[in-house]
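The primary structure of each chain is shown beneath.
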Amino acid sequence: VSVVKTSPQTVIDDYGRLMHLVSYTGTVSSEHETALAIDLSWHHFFPGSSTAPWQLDGVLNTLIQDNFHRDRIGAYYSKRKGISVTKGKVLNRHASVIERYGIHADSLDEDEHRILYEPKIPLRILPKIFPHGISIPGKFFDVNTILLTTMKTDALATIAGAVHTSFKTLLGETGSGVYPVYHEVMVDMVAVAGEIFKGVFAVMDGIFAGEGPGPLSYMPHETNIILASSDLVALDAVAAKMMGLDPLSIPYIRLAHESGLGNGDMKKIEILGDDISDVNLNFRVKRHSM
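**Q** So what exactly am I meant to see when it comes to the environment of Leu232 here?
**A** Following the sequence through the fold, Leu232 ends up in helix α8 (residues 232–242). Spatially, the C-alpha atom of Leu232 lies 9.5 Å from that of Val203, the residues being 29 residues apart in sequence. Excluding anything up to four places from it in sequence, Leu232 contacts Leu147, Ala162, Val163, Ser166, Val200 and Ala202.

See below:
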């Protein structure tokens with residue numbers, strides 16, 4: 001996991017440093033199409049709620065400098081109940097960044113974009129919820145996927161990090177009825193993501209971090225930290241630790257770690273970049289009972 005302390009003056013270049021620290025091109029290659037999975041938790045701008053415009057800008061700037069072709073990069077939105085993708089792109093200032101870099105953007109929740117997929121590996125809970133297969137965007141099969149997630153706590157997931165963004169991107173509104181087994185479904189979706197993505201990489205913006213029962217009812221804090229990793233579980237573990245939480249006490253991180261789907265043990269995670277050993281944001285979040 002790479003971690004960089006940033007500032008408004010350096011943030012675009014800092015995203016490049018962040019991604020290169022963990023050699024992201026070893027996970028996502030310019031030889032393949034690249035899908036940027038946008039975290040849109042609210043169509044209005046609220047600090048730390050959704051993918052930030054500077055985050056999208058910094059990642060795109062890095063990709064273009066590293067010879068990723070514009071016509072093979074897309075920004076994709078998975079709609080959530082009550083959220084307008086059309087408004088979200090404009091109000092979160094994504095549209096101007098997308099236009100400036102000349103990439104395409106699309107919403108993935110129309111029926112023509114989704115297919116039924118039957119996972120090949122054994123899963124914990126999804127086959128019981130979706131016995132005939134899960135509806136996921138066909139666009140994500142065999143392409144690079146970069147998750148543009150944010151650092152925030154969440155009333156259901158405890159933290160809404162890279163694993164949460166992957167889960168929401170793939171299931172979209174079809175995942176709204178899985179709340180009683182939220183953590184188990186999130187772990188299953190990590191396994192599914194490993195099956196369908198050509199390569200997956202996550203970039204987390206913590207310039208503003210959200211504390212409280214998110215995704216909307218929280219207090220934003222200015223922390224000026226960004227993170228990245230190809231291990232979604234490890235990235236979330238480091239973010240959780242920085243927020244003052246014990247990563248392995250969070251059910252989905254513990255379950256994914258025990259299942260070999262990622263590393264949730266801070267003692268075994270190598271942190272590259274800036275020193276965060278003294279960072280403890282002391283966040284608190286109201287958790288739903290499992």
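**Q** Which parts of the structure should I look at to understand the layout of surface pockets?
**A** Any empty space left between atoms is shown by rolling a water-sized probe over those atoms. One number sums up the size of the second largest pocket: a volume of about 180 Å³. Looking at the second largest pocket, it is lined by 13 residues, and the ones nearest its centre are Lys241, Met266, Ile276, Ser277 and Val279. Here the residues of the lining of the second largest pocket sort into seven nonpolar, three polar and three charged.

**Q** Can you walk me through empty space enclosed by the protein in this structure?
**A** In the structure shown here, the tally under the stated rule is two cavities of 30 Å³ or more. In this structure, the largest cavity is lined by Phe45, Pro47, Gly48, Ser50, Ala52, Trp54, Thr150, Asp205 and Phe208. A per-class count over the lining of the largest cavity returns five nonpolar, three polar and one charged. Taken as a whole, the second largest cavity holds about 30 Å³ of empty space.

**Q** Hey, could you run me through the packing of helix α6 (residues 162–171) against helix α7 (residues 182–196) in this one?
**A** Helix-helix packing is described using two parameters, namely the angle between the two axes and the distance between the axes. It is at 9 Å that the axes of α6 and α7 come closest, and there the two elements cross at 75°. Here α6 is positioned roughly perpendicular relative to α7, judged by the angle of their axes. Contacts between α6 and α7 pair Val163, His164, Ser166, Phe167, Lys168, Leu170 and Leu171 from the former with Tyr182, Val185, Met186, Met189, Val190, Ala193 and Ile196 from the latter. Partitioning the contact of α6 with α7 into residue classes produces eleven nonpolar, two polar and one charged.

**Q** Can you walk me through the side chain of Thr51 in this structure?
**A** As for its placement among the helices and strands, Thr51 is situated in the loop between β2 (34–38) and α2 (53–65). According to the relative accessible area criterion, Thr51 is buried, its value standing at 0%.

Cut-offs applied
- Residues numbered from 1 in each chain as written.
- Predicted model: local features only at pLDDT ≥ 70, side-chain atom pairs only at ≥ 80, totals over all residues.
- Heavy atoms only, no water.
- Helix = DSSP H or I, 4+ residues; strand = E, 2+ residues; numbered from the N terminus.
- Contact = heavy atoms within 4.5 Å.
- 1 Å grid on protein atoms, 1.4 Å probe; cavity = no way out; pocket = protein on both sides within 12 Å on 5 of 7 lines; lining within 4 Å.
- Points joined across faces, edges and corners; volume = space filled by probe spheres on them.
- Nonpolar A, V, L, I, M, F, W, Y, C, P; charged D, E, K, R; others polar.
- Axes fitted to C-alpha atoms, helices over the stretch in contact; angles between N-to-C directions.
- Parallel < 35°, antiparallel > 145°, perpendicular 65-115°, else oblique.
- Buried < 20%, exposed > 50% of the residue type's maximum accessible area, 1.4 Å probe, protein only.

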